[in-house]
Amino acid sequence: MIKRALRAVGLVRLVKYTAAVEQQKKAELRARKLAQQVEEVRADSRGWKAKAEEAHDQLKKAQATVAESAKRAERAEKLRVEAEHRLALDGKRKVDLVALETQLEESARELAFAREQLMAIEVKLDILEGAANVLDGRTRTVSAQRRTPEREPTV
Amino acid sequence: MTSEAGNSAPFLTIVVTGRNDDFGGDFNGRFIRALRFNHAQLSAAGVSHEFVFVEWAPIEKRPHLASVLREELRDLVGAELRSFVVDRAYHEALTLNPRLQFHEFIAKNVGIRRARGQFVLTTNTDIYLSRGVVNRLAAGTFETGVLYRAARHDLKAHIDVTWASWELLEDPRNCEIVNTIHPPCFTNASGDFLLLDTISYHRLRGFNEVYRTAKIHIDGNFCVKAHATGLILEDIGPPVYHVGRGTLHAQVGSYRENPGDAPWGDIRWKSDVVYVNTPGWGLGSAPERRLDSQSSFLEFDWNAIGPMVHLKGVVSPATRKEIA
């Protein structure tokens with residue numbers, strides 16, 4: 001009866017009170033531990049988030065690198081194709097060059113031959129001109145000698 | 001000037017040409033001095049030799065230079081100097097240029113054709129052989145089919161060669177210019193030294209007689225022909241000497257504006273052309289009249305000269321190989 005009366009006015013026995021205080025302390029301790037754990041989890045979570053962000057960045061970079069590599073590979077392929085094309089052209093040009101050199105040599109020979117022919121012709125013309133002049137001189141002399149007696153008075 | 005074996009063929013015939021016209025001033029004196037010097041040195045070195053002098057188109061009313069030589073060189077006892085005086089009618093019949101007064105290379109052909117030596121040296125009358133050249137001639141180490149050339153050293157014009165000696169000729173202080181020669185044709189001043197075996201000279205038929213409108217560069221033209229024919233041309237090494245730069249050098253400036261008027265013909269003619277003389281080259285069939293024991297006169301005969309124009313004798317490159 002007394003217990004009930006005390007409970008009714010909010011009084012408990014000391015033992016119970018002490019136990020309740022103890023329980024409260026334990027609860028508070030657990031709460032603090034839980035709060036600390038929550039804090040730790042939060043901190044871990046933030047670390048993981050940062051790592052995730054970093055990983056994401058790295059992924060982006062890797063993706064960019066891959067894209068760049070792909071571009072480079074594409075460019076390299078283009079260059080390779082172009083080089084092969086040029087090589088083929090060079091080969092053709094080499095063949096053309098050899099043909100041109102042969103043609104040039106032939107032309108030089110023909111030119112030298114033509115020059116020598118021209119030289120021979122010039123020499124022949126010199127000879128003909130000289131002979132014509134000499135014959136012209138002789139003809140004039142003979143002609144003058146023939147005319148002279150006709151002009152002399154006959155006896 | 002005879003060979004040591006009397007009438008047997010000498011090792012060397014030296015062919016020179018000229019006439020009694022005082023060409024270049026004191027022609028006879030310059031000629032006789034050089035001839036005496038060369039004869040003395042060749043004799044001392046034991047080189048059997050003869051001189052063949054061709055007097056081309058002699059001057060009327062003047063004694064033949066051949067007879068002047070005979071008188072002047074009497075002291076050369078036992079020497080042999082053969083002279084051929086060529087009727088000037090040959091010059092008049094052959095020349096294709098009235099400005100030319102002396103076809104010296106046709107004259108040299110006359111000498112080559114009549115040379116008795118194993119080797120023939122065609123040169124000019126006032127050329128002095130050097131010690132080295134005489135030594136080479138004495139050694140006699142020449143090959144057939146090789147045309148030997150020597151560079152000409154021009155001495156200062158005032159040098160007195162009345163008593164020429166090698167010391168005087170070799171003195172570098174007396175040298176005015178060296179006319180260097182270069183392969184393959186060694187054409188520079190080649191008229192002063194062309195040494196070749198007689199058979200090859202005959203095979204080439206001597207100097208160009210087809211082109212008779214100039215006498216300049218006919219010597220170089222011979223080198224070109226020798227080269228084109230496959231002969232070897234070689235610089236003998238030692239030089240020959242000449243006093244002064246020569247008449248051509250003295251007068252060439254006067255004809256710079258009108259080269260065609262020069263008394264040696266037009267210097268611009270195409271002297272790289274190759275020629276083939278007719279078989280009668282060097283007036284080979286000209287009738288000879290004996291003047292004395294050393295001299296003959298070549299009487300004019302139309303049959304001794306070829307046609308006025310012999311265009312087939314100007315050879316194109318394609319037919320060069322046929323020359324040999």
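About the cut-offs
Residues numbered from 1 in each chain as written. Chains lettered and ligands numbered in written order. Predicted model: local features only at pLDDT ≥ 70, side-chain atom pairs only at ≥ 80, totals over all residues. Heavy atoms only, no water. Helix = DSSP H or I, 4+ residues; strand = E, 2+ residues; numbered from the N terminus. Rg over C-alpha atoms; globule rule 2.2 N^0.38 Å. Buried < 20%, exposed > 50% of the residue type's maximum accessible area, 1.4 Å probe, protein only. Areas by Shrake-Rupley, 256 points an atom, 1.4 Å probe, with all protein chains shown as cover. Lys, Arg positive; Asp, Glu negative; His and termini not counted. Charge placed at Lys NZ, Arg CZ, Asp CG, Glu CD. Phe/Tyr/Trp six-rings, centres within 6.5 Å; stacked < 30°, edge-to-face > 60°. Lys NZ or Arg CZ within 6 Å of the ring centre and 35° of its normal. Arc of directions from axis to C-beta. Contact = heavy atoms within 4.5 Å. Salt bridge = Lys/Arg side-chain N within 4 Å of Asp/Glu carboxyl O. Buried area = accessible area lost by both parts, 1.4 Å probe. Polar contact = N/O pair within 3.5 Å; in protein donor to acceptor, adjacent residues only side chain to side chain. Nonpolar A, V, L, I, M, F, W, Y, C, P; charged D, E, K, R; others polar. Pairing = 2+ DSSP bridges. Axes fitted to C-alpha atoms, helices over the stretch in contact; angles between N-to-C directions. Core = buried A, V, L, I, M, F, W, Y, C linked by side-chain atoms within 4.5 Å. Patch = residues over 30% accessible without salt bridge, like charges linked within 9 Å, V, L, I, M, F, W, Y side chains within 5 Å.

Engineer: Any details on the overall build of chain A? Residues and values, ideally.
Structural biologist: Each helix and strand counted, chain A has two helices and zero strands in total. Taken over C-alpha atoms, the radius of gyration comes to 63 Å for chain A, far larger than the 15 Å a tight globule of 155 residues would show. Projected onto its principal axes, the C-alpha coordinates of chain A cover approximately 215 × 35 × 15 Å. Per-residue burial over chain A gives 5% buried out of 155 residues. Working note: accessible area of chain A is about 14,200 Å², and carbon and sulfur atoms make up 59% of it. Positive and negative side-chain charges of chain A, numbering 33 and 26 respectively, have mean locations separated by a distance of 25 Å.

Engineer: Quick one: what's the story with the packing of aromatic side chains, residue by residue and with numbers?
Structural biologist: Residue and element names in this part refer to chain B. This structure, assessed with the given rule, holds 15 aromatic pairs over all chains. Ring centres of Phe 105 and Phe 207 lie 4.9 Å apart, and the angle between their planes is 55°; on these two criteria the pair is classed as tilted. You can see Phe 105 sitting in helix 4 (residues 104–113) and its partner Phe 207 sitting in the loop between helix 7 (198–204) and helix 8 (218–229), a full 102 residues away along the chain. Look at Phe 105 and you get buried, because its relative accessible area is 6%. Here the aromatic rings of Phe 300 and Trp 302 are separated by 5.1 Å at their centres, their planes lie at 80°, and the arrangement is edge-to-face. The cationic tip of Arg 114 hangs over the ring face of Phe 84; the distance from NZ or CZ to the ring centre is 5.8 Å. A cation over an aromatic ring shows up here: Lys 225 above the ring of Tyr 275, its NZ or CZ 4.5 Å from the ring centre.

Engineer: Which residues make up helix 5 (residues 131–139) of chain B, and what values go with them?
Structural biologist: All names here are of chain B. Among the residues making up helix 5, those that are buried are Val 133, Val 134 and Leu 137. Taken down its axis, helix 5 places every buried residue within 95° of arc, on the same side. Those residues of helix 5 hidden inside the fold are in contact with strand 1 (12–18), helix 1 (27–44), strand 5 (127–129), helix 6 (166–170), strand 9 (194–197) and strand 11 (240–243). One or two positions beyond helix 5, positive phi appears at Gly 140, with a value near 65°.

Engineer: Tell me about the pattern of salt bridges, residues and numbers included.
Structural biologist: Residue and element names in this part refer to chain B. Enumeration according to the criterion identifies 31 salt bridges over all chains in this entry. With a shortest N-O distance of 2.8 Å, Arg 268 and Asp 266 are connected by a salt bridge. Each of Glu 50, Glu 80, Arg 82 and Arg 116 takes part in one network of salt bridges that share partners.

Engineer: Mind laying out the interface of chain A and chain B, listing which residues take part and the relevant values?
Structural biologist: In this complex, chain A contributes 16 residues to the contact, which on the side of chain B involves 20 residues. Carbon and sulfur atoms supply 78% of the area that chain A and chain B bury against each other, a total of about 1,600 Å² over both sides. Contact with chain B buries surface across chain A, with Met 119, Val 123 and Ile 127 of chain A losing the most and accounting together for 32% of the total. Our count for the chain A to chain B interface comes out at one salt bridge. Here Lys 270 of chain B and Glu 122 of chain A are joined by a salt bridge, their closest N and O atoms 3.9 Å apart. Run the count over chain A and chain B and you get three residue pairs in polar contact (both at pLDDT 80 or more). Residues belonging to the side of chain A that touches chain B are distributed by class as follows: nine nonpolar, two polar and five charged.

Engineer: I'd like a rundown of the sheet that holds strand 8 (residues 175–179) of chain B, residues and numbers included.
Structural biologist: All names here are of chain B. In spatial order, the strands read 5-11-7-8; together these four strands make up an open sheet with mixed pairing. The sheet terminates laterally at strand 5 and strand 8, the two strands that pair on one side only. The mean inter-strand angle of the sheet, taken between neighbouring strand axes irrespective of direction, is 30°. Both strand 7 (residues 152–155) and strand 11 contribute to a ladder of four bridges, which runs parallel.

Engineer: Which residues make up the nonpolar core, and what values go with them?
Structural biologist: Core analysis: the largest hydrophobic core is formed by 58 residues, its most contacted members being Trp 56, Tyr 90, Phe 222 and Leu 283 of chain B. Beyond its immediate chain neighbours, meaning those up to four positions away, Tyr 90 of chain B contacts Trp 56, Leu 283, Ala 286, Pro 287, Leu 298, Glu 299, Phe 300, Asp 301, Ala 304 and Ile 305 of chain B.

Engineer: Quick rundown of a positive patch on the surface? Include the residues and the values.
Structural biologist: All names here are of chain A. A contiguous patch of positive charge, built from Lys 3, Arg 4, Arg 7, Arg 13 and Lys 16, is present on the exposed surface. Top contributing element to the positive patch by residue count: helix 1 (residues 2–8), with three residues. Its place among the elements puts Arg 7 in helix 1.

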